[in-house]
Structures are given as structure tokens and as C-alpha cells.
Amino acid sequence: MQDYRKLRVWQKAHELTLGTYAASEYLTKPIAWPLRNQLLRASISVPSNIAEGAGRGSDPDFRRFLGHSLGSLNEVEYDLLLARDLGFLPAAEHSRLSTLLEEVRRMLSGLMASLES
């Protein structure tokens, strides 16, 4: 078992989650509440699955949980896009979070590939 907090990908995913929580201040209208809840749940899932997978005893198990993180990351990406397109999230905030999200995606993909070898 490895300490997930030392994984750079977990650190970046945690940063993304903190960023989505901060951005949720834009989703305060009642009509935005379902999207806010979905965004936060998906965002939490990204570093949570990395942490859970790191605690597993094998690389295939870890890789499977990284795959779950990647799926949740795609969900966060869409939720942010929807929030922007509905006019809830400013374009600059969307851009900032999207840049961070892409960094997490690259890191996750790289780690998954390294576990395949």
C-alpha cells in the first residue's frame, strides 16, 4: 500500500476538487442546485478513487480505480461545460478549471499506461 497523498496526480486531483468547490459559489440559484451537486460529487470521486486504488494490493486493482477516476473526470469536464453554457460559470473560471482538469487527465493516463507495462 502506498501513501496516496504523495502521488502528484492525487495532489492535482485534490486541487481540482478544491477549485470546483470554490466555483460552486456561481451555482447558487435553485435551478443550478442539481448541477452543483452532480459537479461536486463527480469532482470528489476523482481523488477518492485514486486514494482507494492506491490502497489496493495490486497494480491491476489500482489501474481499475484510476479508470474510475478518469470516468469521473470526464463527468466533471461535462458538468463544467454545461455550467458555462447555461451562463452559471464565467468563461474565465471554466477555462482555469479546464486547464487543471486536462493536467489531471494527462497524469492519470500516464500513470495508467505505466501500470500496464
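The structure we're discussing is the one just above.
Residues numbered from 1 in each chain as written. Predicted model: local features only at pLDDT ≥ 70, side-chain atom pairs only at ≥ 80, totals over all residues. Heavy atoms only, no water.

Before going further, it helps to spend a moment on the packing of helix H1 (residues 8-23) against helix H2 (residues 33-54). Relative orientation of the contacting elements H1 and H2 amounts to 165°, with a least axis distance of 9 Å. As far as their axial angle goes, H2 and H1 are roughly antiparallel. The way H1 lies across H2 gives a crossing that is left-handed. Between H1, through Val9, Trp10, Ala13, His14, Leu16, Thr17, Thr20 and Tyr21, and H2, the contact on the second element is made entirely by Leu39, Leu40, Ser43, Ile44, Val46, Pro47, Ile50 and Ala51. Here the residues of the contact of H1 with H2 sort into twelve nonpolar, four polar and no charged. (Axes fitted to C-alpha atoms, helices over the stretch in contact; angles between N-to-C directions. Helix = DSSP H or I, 4+ residues; strand = E, 2+ residues; numbered from the N terminus. Parallel < 35°, antiparallel > 145°, perpendicular 65-115°, else oblique. Left-handed = near helix turned anticlockwise from the far one by under 90°. Contact = heavy atoms within 4.5 Å. Nonpolar A, V, L, I, M, F, W, Y, C, P; charged D, E, K, R; others polar.)

It is at 10 Å that the axes of helix H3 (residues 59-85) and helix H4 (residues 91-116) come closest, and there the two elements cross at 165°. Here H3 lies roughly antiparallel to H4, going by the angle between them. Along this stretch, H3 crosses H4, giving a crossing that reads as left-handed. A breakdown of the residues in the contact of H3 with H4 according to their chemical character gives 15 nonpolar, five polar and seven charged.

It is worth spelling out the pattern of salt bridges at this point. Evaluation of the coordinates by the stated rule reveals ten salt bridges. With a shortest N-O distance of 3.3 Å, Asp61 and Arg64 are connected by a salt bridge. In this pair, Asp61 and Arg64 are both assigned in helix H3, three residues apart and thus about one turn of the helix distant. Two residues, Glu116 and Arg63, come together in a salt bridge whose shortest N-O distance is 2.4 Å. You can see Glu116 sitting in helix H4 and its partner Arg63 sitting in helix H3, a full 53 residues away along the chain. Bridged by salt links that share partners, the residues Lys12, Glu15 and Glu103 form one connected network. (Salt bridge = Lys/Arg side-chain N within 4 Å of Asp/Glu carboxyl O.)

Turning next to the packing of aromatic side chains. Applying the stated criterion across every chain, the model contains one aromatic pair. When the ring of Tyr4 is compared with that of Trp10, the centres are 5.2 Å apart and the planes differ by 70°; the resulting orientation is edge-to-face. On the basis of relative accessible area, Trp10 is assigned to the buried category, the value being 14%. Its end group placed over the ring of Tyr4, Arg5 keeps NZ or CZ at 5.7 Å from the ring centre. (Phe/Tyr/Trp six-rings, centres within 6.5 Å; stacked < 30°, edge-to-face > 60°. Buried < 20%, exposed > 50% of the residue type's maximum accessible area, 1.4 Å probe, protein only. Lys NZ or Arg CZ within 6 Å of the ring centre and 35° of its normal.)

The next subject is the nonpolar core. Grouped together as the largest cluster of nonpolar side chains are 31 residues, with contacts concentrated most on Leu7, Ile50, Leu66, Leu73, Val76, Leu80 and Leu108. Sorting the residues of this core by element identifies H1, H2, H3 and H4 as the ones contributing at least two each. For Leu7, the contacting residues outside a window of four places in its chain are Gln2, Ile50, Ala54 and Phe62. (Core = buried A, V, L, I, M, F, W, Y, C linked by side-chain atoms within 4.5 Å.)

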